[in-house]
Amino acid sequence: LTCPLCQFSAPAFVHLSNTLKISWNSACPNCNSRSRHRGLTFLYREYLQNSRRRRILHFAPELVLEIEIRKYTQHRYYTTDFQMSNVDFPREDIQDLSFDDSSFDLILSNHVLEHVRDDQQAVAELARILSSGGTAIITVPGDWRRKQTKTFSHLNHNGHYRDYGTDILDMFREHFCSVKRKNLYNYSGRIHGIKKLEYAFVCEK
């Protein structure tokens with residue numbers, strides 16, 4: 001396996017688990033990137049390379065992805081989070097954002113919505129601050145062989161309110177004019193330790 005973020009190679013990556021499942025070859029032993037980070041690297045590059053200047057907002061930025069994104073200096077890149085202090089816009093609640101309408105051309109939200117009580121309102125806010133013709137790239141944990149989203153009565157599952165099913169597409173379609181489901185495994189997943197059903201949702205306004 002080879003990590004596309006740090007170029008570290010090994011016969012296997014670190015296996016991780018929680019109360020729901022085991023994630024095989026999940027964490028890169030060198031940079032700690034996960035399957036979704038390694039897959040998103042390729043998808044982000046498609047939107048960042050050789051493109052016009054974009055205003056980018058990254059929610060809960062992971063350092064491994066932030067380092068990659070900052071390589072593309074033609075863009076204006078901003079970070080935000082409700083709890084993190086070392087971001088450009090701290091204390092921003094994704095359910096009630098302070099930004100003006102159409103403030104950003106590219107929004108990155110990676111495993112955030114499952115931590116939010118009102119994900120419908122959060123998605124509405126993402127659509128509101130996205131410019132016309134802009135793109136939101138969103139990932140969430142889920143079982144993409146299951147239609148219905150599973151909700152939890154407590155937050156013992158890594159602070160998650162829910163584990164998504166394919167019905168999340170219905171929610172996205174209420175707020176965006178185009179929604180595509182991208183299987184990140186197609187970016188040479190076997191070589192880079194990307195799960196076979198590692199999906200990103202590409203939502204365009």
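Now for a quick tour of the structure. (Residues numbered from 1 in each chain as written. Predicted model: local features only at pLDDT ≥ 70, side-chain atom pairs only at ≥ 80, totals over all residues. Heavy atoms only, no water.)

Here's the deal with helix H4 (residues 168-175)
Each turn of an α-helix holds 3.6 residues, which means side chains three or four residues apart point in the same direction. Heads up, the rule is: Remark: exposure states derive from per-residue accessible area (1.4 Å probe, protein chains only) relative to the maximum for the residue type, with buried under 20%, exposed over 50%, and partly exposed in between. The helix count covers DSSP runs of H or I at least four residues long, the strand count covers runs of E at least two residues long, and both are numbered beginning at the N terminus. It is the directions from the helix axis to the C-beta atoms that the arc portrays. By definition, residues are in contact when any of their heavy atoms lie within 4.5 Å.
Residues Ile 168, Leu 169, Met 171 and Phe 172 constitute the buried set of H4. Down the axis of H4, the buried side of the element spans an arc of 160 degrees, and every buried residue falls inside it. Contacts from the buried residues of H4 go to helix H3 (119-129), strand S7 (130-139), strand S10 (178-183) and strand S11 (199-204).

Notes on the packing of aromatic side chains
As a reminder of what qualifies: The rule is short: rings of Phe, Tyr and Trp, with Trp giving its six-membered ring, pair when the centres are within 6.5 Å, and they are stacked under 30 degrees, edge-to-face over 60, tilted in between. Lysine and arginine charges are scored as sitting over a ring when NZ or CZ, respectively, is within 6 Å of the ring centre and within 35 degrees of the ring normal.
Counted according to the given criterion, the structure contains eight aromatic pairs. Ring centres of Tyr 78 and Phe 104 lie 6.3 Å apart, and the angle between their planes is 70 degrees; this geometry places the pair in the edge-to-face category. On the criterion of sequence distance, the pair formed by Tyr 78 in strand S4 (residues 76-81) and Phe 104 in strand S6 (residues 104-110) is long-range, its members being 26 residues apart. One aromatic cluster is present, formed by Tyr 78, Phe 89, Phe 99 and Phe 104 through successive ring pairs. Seen from the ring of Phe 42, Arg 45 lies directly overhead, with NZ or CZ sitting 5.5 Å from the centre. The residue whose ring lies beneath Arg 181 is Tyr 199, and the NZ or CZ to ring-centre distance is 4.7 Å.

Describing the pairing of strand S2 (residues 22-27)
Basically, it comes down to this: Any two strands are treated as partners once DSSP identifies two or more bridges connecting them.
As paired strands, strand S1 (residues 14-17) and S2 are joined by three bridges and run antiparallel to one another. The partner of Leu 16 across the bridge, within S2, is Ser 23. From the end of S1 to the start of S2, which pair antiparallel, there are four residues.

A closer look at the nonpolar core
If you look at soluble globular proteins, the nonpolar side chains tend to sit buried side by side. We apply this condition: Note on terminology: a nonpolar core comprises buried Ala, Val, Leu, Ile, Met, Phe, Trp, Tyr and Cys residues joined through side-chain atoms within 4.5 Å.
By size, the foremost hydrophobic cluster in this structure holds 30 residues, and its most contacted members are Leu 113, Phe 172, Phe 176 and Phe 201. Taken together, the elements giving at least two residues each to this core come down to strand S3 (55-59), S6, H3, S7, H4 and S11. Phe 172 has contacts with Leu 113, Val 123, Ile 138, Val 179, Phe 201 and Cys 203, leaving out every residue within four places of it along the chain. Membership of the second largest hydrophobic core comes to 25 residues, among which are Cys 28, Cys 31, Ile 56 and Ala 200.

Section: the packing of H3 against H4
Stated formally: A fitted line through C-alpha atoms represents every axis, and for helices the fit uses only the stretch in contact; the resulting angles, taken between N-to-C directions, go from 0 to 180 degrees. Note on angle classes: values under 35 degrees are labelled roughly parallel, values over 145 roughly antiparallel, values of 65 to 115 roughly perpendicular, and the remainder oblique. Definitions for this section: a left-handed crossing has its near helix turned counterclockwise from the far helix by less than a right angle. A right-handed crossing has that turn clockwise.
One can describe the packing of H3 onto H4 by two numbers: an axis separation of 9 Å at closest approach and a directional angle of 40 degrees. One way to sum up the angle between H3 and H4 is to call them oblique. Classified by chirality, the crossing of H4 by H3 is right-handed. Every residue of H4 that contacts H3 at Asp 119, Gln 120, Val 123, Ala 124 and Ala 127 is listed here: Met 171, Phe 172, Glu 174 and His 175.

Examining unusual backbone geometry
With a phi angle near 50 degrees, Asn 25 is a residue other than glycine that sits in the positive phi range. Assignment of secondary structure puts Asn 25 in strand S2. For Asn 25, a relative accessible area of 23% corresponds to the partly exposed category. Positive phi outside glycine occurs at Ser 102, with the angle close to 55 degrees. Ser 102 gets classed as partly exposed once you look at its relative accessible area, which sits at 32%.

Brief notes about the side chain of Thr 139
For Thr 139, the position within the fold is in strand S7. Judged by its relative accessible area of 2%, Thr 139 is buried.

Looking at the layout of surface pockets
Put simply, the rule is: A cavity, in this analysis, means grid points on a 1 Å lattice covering only the protein atoms where a 1.4 Å probe fits yet has no way out; a pocket is instead an open set bounded by protein on both sides within 12 Å along at least five of seven lines, and a residue lines either one if it has an atom within 4 Å of a point. Grid points are joined across faces, edges and corners, and a volume is the space filled by probe spheres set on the points. Each residue receives one of three labels: charged for Asp, Glu, Lys and Arg, nonpolar for Ala, Val, Leu, Ile, Met, Phe, Trp, Tyr, Cys and Pro, and polar for the others, Gly being one of them.
Computed from the structure, the largest pocket encloses a volume of approximately 1,100 Å³. Taken together, 39 residues form the lining of the largest pocket, with Lys 21, Ile 22, Ser 23, Lys 195 and Glu 198 sitting closest to its centre. The element that contributes the greatest number of residues to the lining of the largest pocket is S2, accounting for five residues. Residues belonging to the lining of the largest pocket are distributed by class as follows: 13 nonpolar, 13 polar and 13 charged.

A closer look at the pairing of S11
A large share of S11 lies buried, amounting to five of its six residues. In the sheet, S7 pairs with S11 via four bridges, with the strands oriented antiparallel. Bridge assignment links Ala 136 to a residue of S11, and that residue is Cys 203. As defined by bridge partners, S10 adjoins S11 across six bridges and the pair is classed as antiparallel. What sits directly across from Val 179, in S11, is Cys 203.

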